[in-house]
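Survey of secondary and tertiary structure
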Amino acid sequence: MSELRKPPFRSVKWWNSRWFDISQLVLFFGALIWLTLNGAAQMGYNWQWYRLPKYFWKVIDGELIWGPLMDGLFVTLEIGLYGIIITLLIGLTTAMLRMSQSWIGNLVAQVYLEVIRNTPLLVQMYVFYFVFAPILEIPRFWVGVLCISFFEGTFASEIIRAGILSVHRGQWEASTSIGLSRWNTYRYIVLPQAVPLMLPPLTGVLINLIKHSAIVSVIAVFDLTTQGLDIIADTFMSFEIWLTIAAMYLGITIVLSLLVSVLEWRVRGRH
Amino acid sequence: MNENTPNPIIEMSGVSKWFDDFQVLKDVSLQVFSGERVVVCGPSGSGKSTLIRCINRLEEHQEGRIVVDGIELDQDTQHINKVRSEVGMVFQQFNLFPHLTVLENCTLGPMKVRGLSRKDAEALAMEYLQRVRIPEQAAKYPGSLSGGQQQRVAIARSLCMQPRIMLFDEPTSALDPEMIKEVLDVMIDLAESGMTMICVTHEMGFARTVAHQMVFMDEGRIIERSPPGKFFSEPEHERTKLFLSQILSH
């Protein structure tokens, strides 16, 4: 056995060092913030951050009362939660239909994909709200959830389909040749191999779903964005409120990304 | 049934199959009796893989009849599932399940299809892993095994379903030369235990040792069928002679 050799030492130039990296970042954002504040001061904007907390919550007689921003956040989270479930169901169903032998199934899936993909989300929302909702008596919250889910479902279905098709044909053959049913083949052979491949692009779709949910403000569902618009109409604090709302959406999507990363790590863990 | 029963365990009569407009099997008839070992050979594209893939319905034939152990392969899914549970198959590319351990590869079928408990399935799997001389690899994932080891696991996985017939589709064609022997040894072992086997292979040494019958195919037809002694020394057809001279010359 030969002795293990260490790689030769290489000195790092100062402009490649980590400290130089960090100082550049600080400098860039420092300049950006300074420009913003300076610009706002010059246009005479009156920052009123101190007024913000009561729009999150108030404590009256020792009782906690949620403010409009928190109410909006809960509605957005609710839309996101139902939206994710329905999007995945629609995506899976459409993917199955497209991969099925059924001519009608294929046609239905194809028409759905083309119609949704080739019309603007905003127009879809109006069509759902003004045409389908009154006919089918759907409450506006569910109009919002369904409309966004159908929109994101098109992307999810393509990702799910690609994931399933990426599992080699030999896996199907091996599975059926030991007698596993179609359902068991999906459950024990195909999906465990396909899901880790689908997760990263699906996360993108689910994050889009949260972001696109802001569009329900046009049908007066009281989500985060609608609440923000209302507060601004009352207070004219447009800078503070929009920055806060953007930060809140960012918070939701980062948490969602982290959750999926954990899930991905658990699914991929072995082999 | 045993070796003396007059009825063939596999009976194909007048089987034809097309891929789109291309006819891969042309009026093929073949009988295999219980305990018989048949080696199918022929140039590539001659339909030999398709032939054995029809026996467990990985491919659907469009004309003729295939009866396996008294069950006809028709549109009835129950018949198909019954036949599949009687017939094991080993593929050229192994097709092990990469996300499952060697042991799990072997226990999945017995547990989900035969309804065995995990404990019984594992005992059964270990028995067959022993038989293919690889029990020490049970906890590993297929990706960390050599090709020869993977193929032996694939054989064990099929055997765990306790099939009455084993099909081999070029089991050594994807292997490095030094690993071919370990797989052939396991197959010879299996042959000696009396298993009914149909092998598509170009390993003529193996064929000579184990085959009862040689089947030569070309362009979707069975051209010649004879015991290996006769097949290798005095083939009847010009096409067979040419094939043998090409395959045995190196």
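Here's what I pulled together on the structure shown here. (Residues numbered from 1 in each chain as written. Chains lettered and ligands numbered in written order. Predicted model: local features only at pLDDT ≥ 70, side-chain atom pairs only at ≥ 80, totals over all residues. Heavy atoms only, no water.)

Here we look at the overall build of chain A
- When its secondary structure is counted, chain A shows ten helices and two strands.
- When the helices and strands of chain A are listed from N to C terminus, the series reads α-α-β-β-α-α-α-α-α-α-α-α.
- In terms of overall size, chain A is more extended than a compact globule, its C-alpha atoms giving a radius of gyration of 25 Å where 271 residues would be expected to give roughly 18 Å.
- Across its three principal axes, chain A shows a C-alpha extent of roughly 80 × 75 × 40 Å.
- Among the 271 residues that make up chain A, the fraction classed as buried is 39%.
- The contacts of chain A with a sequence gap of at least 6 include a subset with a gap of at least 24, amounting to 71%.
- Accessible surface, chain A as shown: approximately 16900 Å² in total, 68% of it carbon and sulfur.
- Here chain A contributes 19 positive and 16 negative side-chain charges, whose respective centroids are spaced 15 Å apart. (Helix = DSSP H or I, 4+ residues; strand = E, 2+ residues; numbered from the N terminus. Rg over C-alpha atoms; globule rule 2.2 N^0.38 Å. Buried < 20%, exposed > 50% of the residue type's maximum accessible area, 1.4 Å probe, protein only. Contact = heavy atoms within 4.5 Å. Areas by Shrake-Rupley, 256 points an atom, 1.4 Å probe, with all protein chains shown as cover. Lys, Arg positive; Asp, Glu negative; His and termini not counted. Charge placed at Lys NZ, Arg CZ, Asp CG, Glu CD.)

Comments concerning the packing of helix α3 (residues 68–99) of chain A against helix α8 (residues 182–212) of chain A
All names here are of chain A.
- At a closest axis distance of 11 Å, the pairing of α3 and α8 adopts a crossing angle of 130°. Taken together, the axes of α3 and α8 are oblique relative to one another. For the crossing formed where α3 meets α8, the hand is right-handed. In this structure, α3 contributes I79, G80, G83, I84, T87, L88, M96 and M99 to the contact, and α8 contributes Y186, L202, V205, L206, L209 and I210.
- Considered class by class, the residues forming the contact of α3 with α8 number eleven nonpolar, three polar and no charged. (Axes fitted to C-alpha atoms, helices over the stretch in contact; angles between N-to-C directions. Parallel < 35°, antiparallel > 145°, perpendicular 65-115°, else oblique. Left-handed = near helix turned anticlockwise from the far one by under 90°. Nonpolar A, V, L, I, M, F, W, Y, C, P; charged D, E, K, R; others polar.)

Some thoughts on the sheet that holds strand β3 (residues 37–41) of chain B
All names here are of chain B.
- Taken together, six strands build an open sheet; the order of strands is β6-β7-β8-β3-β9-β10 and the sheet is mixed. Of all strands in the sheet, those bounded by a partner on one side alone are β6 (87–90) and β10 (221–226). Within this sheet the neighbouring strands show an average axis-to-axis angle of 20°, counted without direction.
- In the packing of helix α6 (residues 177–192) onto the sheet, the strands contacted are β3, β7 (165–169) and β8 (196–200), and the crossing angle to β8 comes to about 150°. (Pairing = 2+ DSSP bridges.)

Some words on the pairing of strand β2 (residues 63–66) of chain A
All names here are of chain A.
- Relative to β2, strand β1 (residues 57–60) runs antiparallel, the two sharing four bridges. The residue of β2 that forms the bridge with V59 is L64.
- In this antiparallel pair of consecutive strands, β1 and β2, the connection spans two residues, and D61 shows a positive phi of 50°.

Points about the interface of chain A and chain B
- Taken together, the contacts link 18 residues of chain A with 22 residues of chain B.
- Note on chain A versus chain B: buried area summed over both sides is about 1800 Å², and carbon and sulfur give 61% of it.
- Our count for the contact surface shared by chain A and chain B stands at one salt bridge.
- Taken together, the connections running from chain A to chain B amount to six residue pairs in polar contact (both at pLDDT 80 or more). (Buried area = accessible area lost by both parts, 1.4 Å probe. Salt bridge = Lys/Arg side-chain N within 4 Å of Asp/Glu carboxyl O. Polar contact = N/O pair within 3.5 Å; in protein donor to acceptor, adjacent residues only side chain to side chain.)

Examining a nonpolar patch on the surface
- A contiguous nonpolar patch, built from L122, V123, Y126, V127, F130, V131, F132, I135, L136 and V218 of chain A and spanning about 880 Å² of accessible area, is present on the exposed surface.
- Position of Y126 of chain A relative to the elements: it lies in helix α5 (residues 121–136). (Patch = residues over 30% accessible without salt bridge, like charges linked within 9 Å, V, L, I, M, F, W, Y side chains within 5 Å.)

Some points on the sheet that holds strand β5 (residues 71–72) of chain B
Residue and element names in this part refer to chain B.
- If you trace the four strands from one edge of the open sheet to the other, you get β2-β1-β4-β5, paired in antiparallel fashion. Taken across any chain shown, the strands that pair with only one partner, and hence form the sheet edges, are β2 (22–32) and β5.
- Taken strand by strand, helix α1 (residues 48–55) contacts β1 (10–19), β2 and β4 (63–68), and its axis lies near 120° from that of β1.

Topic: the side chain of R53 of chain B
- Positionally, R53 of chain B belongs in helix α1.
- Judged by its relative accessible area of 9%, R53 of chain B is buried.
- At a separation of 3.0 Å, a polar atom in the side chain of R53 of chain B contacts the side chain of E59 of chain B.
- Beyond its immediate chain neighbours, meaning those up to four positions away, R53 of chain B contacts R169 and E173 of chain A together with L58, E59, M89 and D169 of chain B.

Some remarks on the side chain of S46 of chain B
All names here are of chain B.
- Note on placement: S46 falls in the loop between β3 and α1.
- You can call S46 buried: its relative accessible area is 1%.
- If we ignore the near neighbours within four places in the chain, the residues touching S46 are V24, M217, D218, E219, G220 and R221.

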